[in-house]
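Per-entry structural report
Chain residues, written in single-letter form:
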Amino acid sequence: MDRGDGSIKYILSGEGAGIVFTIDDTTGDIHAIQRLDREERSQYTLRAQALDRRTGRPMEPESEFIIKIQDINDNEPKFLDGPYVASVPEMSPVGTSVIQVTATDADDPTYGNSARVVYSILQGQPYFSVDSRTGLIRTALMNMDREAKEYYEVIIQAKDMGGQLGGLAGTTTVNITLSDVNDNPPRFPQKHYQMSVLESAPVSSTVGRVVAKDLDEGINAEMKYSLVDGDGLDVFDINTDPNYQVGIITVRKPLSFESKKSYTLKVEGANPHLEMRFLNLGPFRDTTTVHISVEDVDEPPVFEPSMYFVEVPEDVDIGTTIQIISAKDPDVTNNSIRYSIDRSSDPGRFFYVDITSGALMTARPLDREDISWHNITVLAMELNNPSQVGSVSVTVKVLDVNDNAPEFARFYEAFVCENAKAGQLIQTVSAIDRDDPQEGQHFYYSLAPEAANNPNFTLRDNQDNTAWILTRRSGFRQHEQNTFYLPILISDNGRPVLSSTCTLTVHVCSCDDEGMVMSCNAEAYVLPVSLSRGALIAILACIFVLLVLVLLILSMRRQRKQPYIIDEEENIHENIVRYDDEGGGEEDTEAFDIAAMWNPREAQLVVKNRQDMLPEIESLSRYVPQACVMDNNVHNYVLAKLYEADMDLWAPPFDSLQTYMFEGNGSVAESLSSLQSVTTDSDQSYDYLTDWGPRFKKLAEMYGATDSSGALW
């Protein structure tokens, strides 16, 4: 119907109309007004219609048509997952799969070769190869060693058009790591190790370390060390450090330089995880020799045996040797030993040990009933090196001796009725004894000799450590005698037999017909309660008068001691008072009257003796028997004096001459002289001054140690 005169008008609608496509309304030609991309949209559906230009009426129904975009090779292949990371075990056979790479091409695979991709390797030969069709990467070289080269960078190319000239290409990178396998046996870098250890090294202490090198890593480099030979297999041990794979040699038993000075060990290091296909590269173990030298140290004295158990009776005399403690210097020099007791283990100072012989002796009386066990620590010190001190525990069991007489188990007070009949039981008594005999305790009861023929009461020993008190007669009367005192003799079965007399108090009471006590001397008990108020006031008044008299007497005595007050004009001369008494701290005020220094007329001619001073010779003679003077062993005498001094802690110091067996270089304390004390480098401790009482308080404050708050320790 279109004659070409322009009477028909063409219009276009649908997908992309007016945007991607346009139509010439006169000729009906359709043109693309934008660049087309098949990968974005492969076809468009449009509708066209012819209209009368004048009237606008449709000349025919609307027509629909499809425009398909024809593909051209305008997209290169792309690796959407790249770059790739892969790993393959070292020493893998040729052709072992590593990883598969995939490239995609956006072009139409159904039209021509635009989307046909071919893979090739650009970098990574001759170690790896790639399948041109599938993109699978494989190993191409045998015996690739991780220890020689571990990381590889492989570049893969994908090209479309079947790889022909003019095709587009894309590349990706594949990072390949060779994983480790156990293909390297361990090796010690040196075949001989030289180590040394002190003989005082404690058990489980480290002697040294050995290490076997393994080029592998991870589980393939794990090591296990062991001792396979040598003369120190029972003295030393070796452990494997799992973090650093080293062998740590430790002490298994105590060492002694004097017993053995050196040891030789053969150490083996092996891989615990093996791969069967690499056993031909082994053996996967290696050995080395370790020489260990034991170095000598100055060791403290050693006691033999390592502990002591001593049984001693409680009545042992002071100064009796109960055990010989023996220690020796384990060193080659074999220095002399000096013994002492750790006073913290014997605070009561019951024992003393001879400084040279180690004889353990009693220093104070023992009493099993107070302390039945003593656990003391004896110290042994080298004479030439006091810092080396050994110790041993001494357990002393105090054996029982029959030294305590039996006595009533409690205070007994019996009651007898006035209407009691002869032979009536009025009290059952029992006894206790602080002793503990091995055969058990058995007591014997009887009336004391002075009461053996007592007409009122009798005693029956029940042979079971109890006794009955029975009436011998009837007809007791309160008004005749209301209280009886019955002495009872109690003996034990010890050796020697000990006995004591205990008194049983028996009150006569009024009872009813059934024997129930009604009253016992009621007047004596009621009288104190029935005192009147006037009597109490009179008693208090008497007490007050007595107090006033006492205060008055004390006041008069104090005024009598006060010196006369003299005028300043008369006090123009100096008075010198001489006395033959040595000063003793605060006690010195007792030696003279201070008033005499102010007024000589008040001085008395009577010499006033000090109450605290006792002659030294008299003090010695009181406690030392004459036989001790002739005895060569003076330990009993010294210990007796020590016990006396311990019991009198507040006695003032006296000047006395003491003779010591070891003085100067032969003494543990070395020289007693203070002439060279200025040159010594050691700090003298004066903390013991605080234990000497108030007379040494000033010295303790000057020399004693103080804490941060300023208080003496």
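About the thresholds
Residues numbered from 1 in each chain as written. Predicted model: local features only at pLDDT ≥ 70, side-chain atom pairs only at ≥ 80, totals over all residues. Heavy atoms only, no water. UniProt positions renumbered as here; feature names shortened; annotations may be inferred. Phe/Tyr/Trp six-rings, centres within 6.5 Å; stacked < 30°, edge-to-face > 60°. Helix = DSSP H or I, 4+ residues; strand = E, 2+ residues; numbered from the N terminus. Buried < 20%, exposed > 50% of the residue type's maximum accessible area, 1.4 Å probe, protein only. Polar contact = N/O pair within 3.5 Å; in protein donor to acceptor, adjacent residues only side chain to side chain. Contact = heavy atoms within 4.5 Å. Pairing = 2+ DSSP bridges. Disulfide = S-S within 2.5 Å. Axes fitted to C-alpha atoms, helices over the stretch in contact; angles between N-to-C directions.

The name given to the chain in an unreviewed UniProt entry is Cadherin-20, with Lepidothrix coronata as the source organism. Checking UniProt for the chain, the heading Subcellular location (unreviewed entry) contains the comment "Cell membrane". In UniProt, the chain has this text filed under Function (unreviewed entry): "Cadherins are calcium-dependent cell adhesion proteins. They preferentially interact with themselves in a homophilic manner in connecting cells; cadherins may thus contribute to the sorting of heterogeneous cell types."

**Remarks on the packing of aromatic side chains**
Following the criterion strictly, the structure yields eleven aromatic pairs and no others. Summarising the aromatic geometry, the rings of F236 and Y263 are spaced 5.2 Å apart at their centres and angled 75 degrees between planes, so their arrangement reads as edge-to-face. Here F236 is found in strand 16 (residues 236-241), whereas its partner Y263 is found in strand 18 (residues 262-270), with 27 residues between them in sequence. Centroid distance F457 to F484: 5.5 Å. Interplanar angle 75 degrees. Geometry classified as edge-to-face. Highlighted residues: F457 in strand 33 (residues 457-461) and F484 in strand 35 (residues 483-491), separated in sequence by 27 residues. With relative accessibility at 1%, the residue F457 sits in the buried group. Ring-pair connections join several aromatic residues into one group, and the members of that group are Y127, F128 and Y152.

**So, the side chain of Q245**
Following the sequence through the fold, Q245 ends up in the loop between strand 16 and strand 17 (246-251). A distance of 2.7 Å separates the side chain of Q245 from the backbone nitrogen of M223, its partner in a polar contact. Beyond its immediate chain neighbours, meaning those up to four positions away, Q245 contacts V211, A221, E222, M223, Y225 and T240.

**Remarks on the sheet that holds strand 33**
Here four strands make up an open sheet; going across it, the order is 29-31-34-33 and the pairing antiparallel. In the strand order of this sheet, the two ends are held by strand 29 (407-408) and strand 33, each with one partner. The pairing of strand 33 with strand 34 (residues 466-471) spans five bridges and is antiparallel. Residue D461 lies in a different strand from strand 34, and its bridge partner there is A467.

**Details of the state of the cysteines**
According to the stated counting rule, one finds two disulfides in the structure shown. Across the disulfide, C417 is cross-linked to C511 (sulfur-sulfur distance 2.0 Å). Since a negative S-S torsion denotes a left-handed disulfide, the C417-C511 link at about -80 degrees is left-handed. Of this pair, C417 sits in strand 30 (residues 413-417) while C511 is found in strand 36 (residues 499-511), placing the two residues 94 residues apart along the sequence. C511 matches C417 in its accessibility class, with the two residues each being buried. The residue that forms a disulfide with C509 is C520, at a sulfur-sulfur distance of 1.6 Å. Since a negative S-S torsion denotes a left-handed disulfide, the C509-C520 link at about 105 degrees is right-handed. Here C509, found in strand 36, pairs with C520, found in the loop between strand 37 (517-519) and helix 1 (522-529); they are eleven residues apart in sequence, far enough to count as distant.

**What to know about the pairing of strand 34**
Along a regular strand, successive side chains alternate from one face of the sheet to the other. The buried count for strand 34 comes to five of six residues, which makes it a mostly enclosed element. Examined bridge by bridge, strand 31 (residues 425-432) and strand 34 share five bridges and lie antiparallel to one another. Along strand 34, the bridge assignment pairs Q427 with I469. From the end of strand 33 to the start of strand 34, which pair antiparallel, there are four residues, and Q463 there has a positive phi angle of about 60 degrees.

**Looking at the UniProt feature "transmembrane region" (unreviewed entry) in the chain**
UniProt tags residues 535-554 as "transmembrane region" (unreviewed entry). Between the first and last C-alpha atoms of residues 535-554 the distance is 29 Å; the span itself is 100% helix and 0% strand.

**Considerations on the sheet that holds strand 17**
Sheets are built from strands paired through backbone hydrogen bonds, the pairs being either parallel or antiparallel. The sheet built from three strands is open, its strands ordered 14-17-16 with antiparallel pairing. At either margin of the open sheet sits one strand with a lone partner, and together these are strand 14 (206-210) and strand 16. This sheet shows a mean twist of 25 degrees between the axes of neighbouring strands, independent of strand direction. Here strand 16 runs beside strand 17; their pairing, made up of six bridges, is antiparallel. The residue bridging D241 from the neighbouring strand is V246, located in strand 17.

**Notes on the pairing of strand 18**
Taken together, the six bridges between strand 15 (residues 224-230) and strand 18 define a ladder with antiparallel strand orientation. Counted as the bridge partner of L227 is V267 from strand 18. Bridge count between strand 18 and strand 19 (residues 285-295): nine bridges; the pairing is antiparallel. Within strand 19, the position partnered with S262 by the bridge is S293.

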